[in-house]
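Observations on the three-dimensional arrangement
Listed here are the chains, written in short residue letters.
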Amino acid sequence: MTTIDIVVPCYNEEEGLAHFVLETNKVIDTLPEYDFRYILVNDGSKDKTFLVMKQLSDKFSNVKYISFSRNFGKEAAMYAGLQNSSADYVIVMDADLQHPPGVFPQLIDAVINEGYDCCATKRDEREGEGVLRGVFSKLFFKLSNRLTDVSMPYGAMDYRIMSRQMVDSILELSEVQRFSKGIFSWVGFKTKWISFKTVERQLGKTTWKFSSLFKYAIDGIACFSVAPLRFIAVMGAIISGGALLYILITLIQTLIFGIETPGYVTLLCAVLFLGGIMEFSIGIVGEYIGRIYMETKNRPIYIVHKTNLDEIKNKKDA
Ligand code: UDP
Ligand code: MG
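Now for a description of the structure that goes with this document. Here the structure is a predicted model, which is why all the values come from computation and not from measurement. (Residues numbered from 1 in each chain as written. Chains lettered and ligands numbered in written order. Predicted model: local features only at pLDDT ≥ 70, side-chain atom pairs only at ≥ 80, totals over all residues. Heavy atoms only, no water.)

Moving on, we get to a nonpolar patch on the surface. Residues V131, L132, V135, F136, L139, L143, L147 and F210 make up a contiguous nonpolar surface patch of about 760 Å² in total accessible area. For L147, a relative accessible area of 36% gives the class partly exposed. (Patch = residues over 30% accessible without salt bridge, like charges linked within 9 Å, V, L, I, M, F, W, Y side chains within 5 Å. Areas by Shrake-Rupley, 256 points an atom, 1.4 Å probe, with all protein chains shown as cover. Salt bridge = Lys/Arg side-chain N within 4 Å of Asp/Glu carboxyl O. Buried < 20%, exposed > 50% of the residue type's maximum accessible area, 1.4 Å probe, protein only.)

This is how it looks when you write it as structure tokens:
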């Protein structure tokens, strides 16, 4: 029988988790030819999520859980789930039913009958998500498609099914600073994109703030591209060129019209402008150095506190 693991990162999902499993079970029951197993990852929830997980695993034998020692982030939770999956196919989805289990048949059909390695979902283009957030997320997808060598359609989501082979490739990218959307497309493989109507979160509340989305976008670009560094070099070259031109003009002016006392405003402008650009450039370089620093520590991506899996894999090169 074909096995399918469902990896679900959970952070403060006590209200919705049981409902999620019940709803998903309804769909699973219509697909008896596959053997499903849940891998619920408790990402250091502050509420009773872990308790709910334990109850669910007592009730359903196919519910496995991994509980972290603290909050390591959704990316780490997904990594833990993928690393400890063993099925032929793996589904990654959120616990809040914003990723409807109803599309399982479509996902499964694509990888089993249509010859794809992955079937991923994206937001329905016609759908609104708040003006400001919409503008920024469009900008993000445009920028990251241009600047990096990974490409993803607008509104790409993490909700997807992947073949064992693809999951194993993803696990080979063991960086600490993970940007899964980028990693999913970086590894390649044939991906089918489907879209569905997104729904509002029913229970619990989202933990994303605008600032964390901004950080997420910066990660998305910095993890997959050194274009900002090249941008600094180009900017430096342009400014040097301008300065050279200015020197030449002043020199000729002085030769022809004699020495003129320059206004201090020009001087001040030049100093401030260059100072600003220098700070900005150091900031960008620093962003990359910080990443190198964090990466060289080679710390584990997550730490497990409790699990009901027989053995847990948590080595980077495992
Ligand atoms: N999540 C997580 N760790 C975190 C934040 C979120 O595992 O630090 C999980 C959360 O429980 C949910 C999924 O990631 O299953 C998506 O989170 P949320 O619904 O808050 O985000 P949104 O739907 O707004 O992208
Ligand atoms: Mg959500």
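Still more to cover.
Moving on to the coordination of the magnesium ion (ligand 2). Around the magnesium ion (ligand 2), the protein contributes the donor atoms D96 (OD) and Q98 (OE1), which lie 1.9 Å from the metal centre. With relative accessibility at 8%, the residue D96 sits in the buried group. (Donors = N, O, S within 2.8 Å, 3.2 Å for Na, K, Ca; no water.)

Moving on: the sheet that holds strand β3 (residues 63-68). Ordered by their spatial adjacency, eight strands build an open sheet running β7-β5-β6-β4-β1-β2-β3-β8, and the pairing between neighbours is mixed. Every interior strand has two partners, whereas the edge strands, β7 (191-196) and β8 (304-307), have only one. For this sheet, the mean angle separating the axes of adjacent strands, direction not counted, is 20°. Pairing of strand β2 (residues 34-42) with β3, which is carried by five bridges, proceeds in the parallel orientation. Residue pairing in the sheet places Y38 in a bridge with V63 of β3. Along the sheet, helix α3 (residues 74-83) makes contact with β1 (2-10), β2, β3, β4 (89-92) and β6 (156-163), crossing β1 at roughly 155°. (Pairing = 2+ DSSP bridges. Helix = DSSP H or I, 4+ residues; strand = E, 2+ residues; numbered from the N terminus. Axes fitted to C-alpha atoms, helices over the stretch in contact; angles between N-to-C directions. Contact = heavy atoms within 4.5 Å.)

Before going further, it helps to examine the nonpolar core. F68, L82, F140, M162, I170 and Y302 are the most contacted members of the largest nonpolar core, which totals 39 residues. A per-element tally of this core places α3 first, with six residues. Excluding residues within four positions of it along the chain, Y302 makes contact with F68, F72, A76, Y79, A80, Q83, N84, K313 and N314. Counting 38 residues, the second largest nonpolar core, distinct from the first, contains Y34, V52, M53 and I108. (Core = buried A, V, L, I, M, F, W, Y, C linked by side-chain atoms within 4.5 Å.)

This part covers the packing of aromatic side chains. Summed over all chains, the structure comprises twelve aromatic pairs. Here the aromatic rings of F20 and Y38 are separated by 6.5 Å at their centres, their planes lie at 75°, and the arrangement is edge-to-face. A residue pair is termed long-range when its members are at least 10 positions apart, and F20 in helix α1 (residues 17-29) and Y38 in strand β2 qualify at 18 residues. According to the relative accessible area criterion, F20 is buried, its value standing at 0%. (Phe/Tyr/Trp six-rings, centres within 6.5 Å; stacked < 30°, edge-to-face > 60°.)

This brings us to the site of ligand 1. Every one of the 16 residues lining ligand 1 counts as a neighbour, but P9, Y11, E13, D43 and D96 are closest to it. Within the side chain of D43, a nitrogen or oxygen atom sits 2.6 Å from a nitrogen atom of ligand 1. Relative to its unbound accessible surface of 530 Å², ligand 1 loses 87% to contact with the protein. Residue composition of the shell around ligand 1, grouped by class: five nonpolar, five polar and six charged. (Near = heavy atom within 4 Å. Polar contact = N/O pair within 3.5 Å; in protein donor to acceptor, adjacent residues only side chain to side chain. Nonpolar A, V, L, I, M, F, W, Y, C, P; charged D, E, K, R; others polar.)

Topologically, D5 is positioned in strand β1. When its relative accessible area of 2% is taken as the criterion, D5 is described as buried. At 3.2 Å, the side chain of D5 and the backbone nitrogen of A87 are in polar contact.

Counted according to the given criterion, the structure contains zero disulfides. You can see C118 has no disulfide; the closest cysteine sulfur is in C119, sitting 6.9 Å from it. Residue classification places C118 among the buried residues on the basis of a relative accessible area of 0%. Left unpaired, C223 is separated from the closest cysteine sulfur, that of C118, by 20 Å. Here C223 falls in the partly exposed class, since its relative accessible area comes to 23%. (Disulfide = S-S within 2.5 Å.)

A separate point is helix α9 (residues 227-257). With 31 residues, α9 extends 44 Å between its outermost C-alpha atoms, agreeing within 8% with the 45 Å of an ideal straight helix rising 1.5 Å per residue. Every buried residue of α9 is listed here: A227, P228, I232 and M235. Looking at the buried positions of α9, the neighbouring elements they touch are α5 (131-147) and α10 (264-296). (Expected span 1.5 Å × (residues − 1).)

This part covers the pattern of salt bridges. All chains considered together, the criterion is met by ten salt bridges. Residue K192 is joined to E114 by a salt bridge in which the shortest nitrogen-to-oxygen separation is 2.9 Å. Taken as a pair, K192 in strand β7 and E114 in the loop between α4 (104-112) and β5 (118-123) lie far apart in primary sequence, 78 residues in all. Taking relative accessible area as the criterion, K192 reaches 23% and is therefore assigned partly exposed. Judged by its relative accessible area of 34%, E114 falls in the partly exposed class. Salt-bridge contacts for R164 lead to D168; the nearest nitrogen and oxygen are separated by 3.2 Å.

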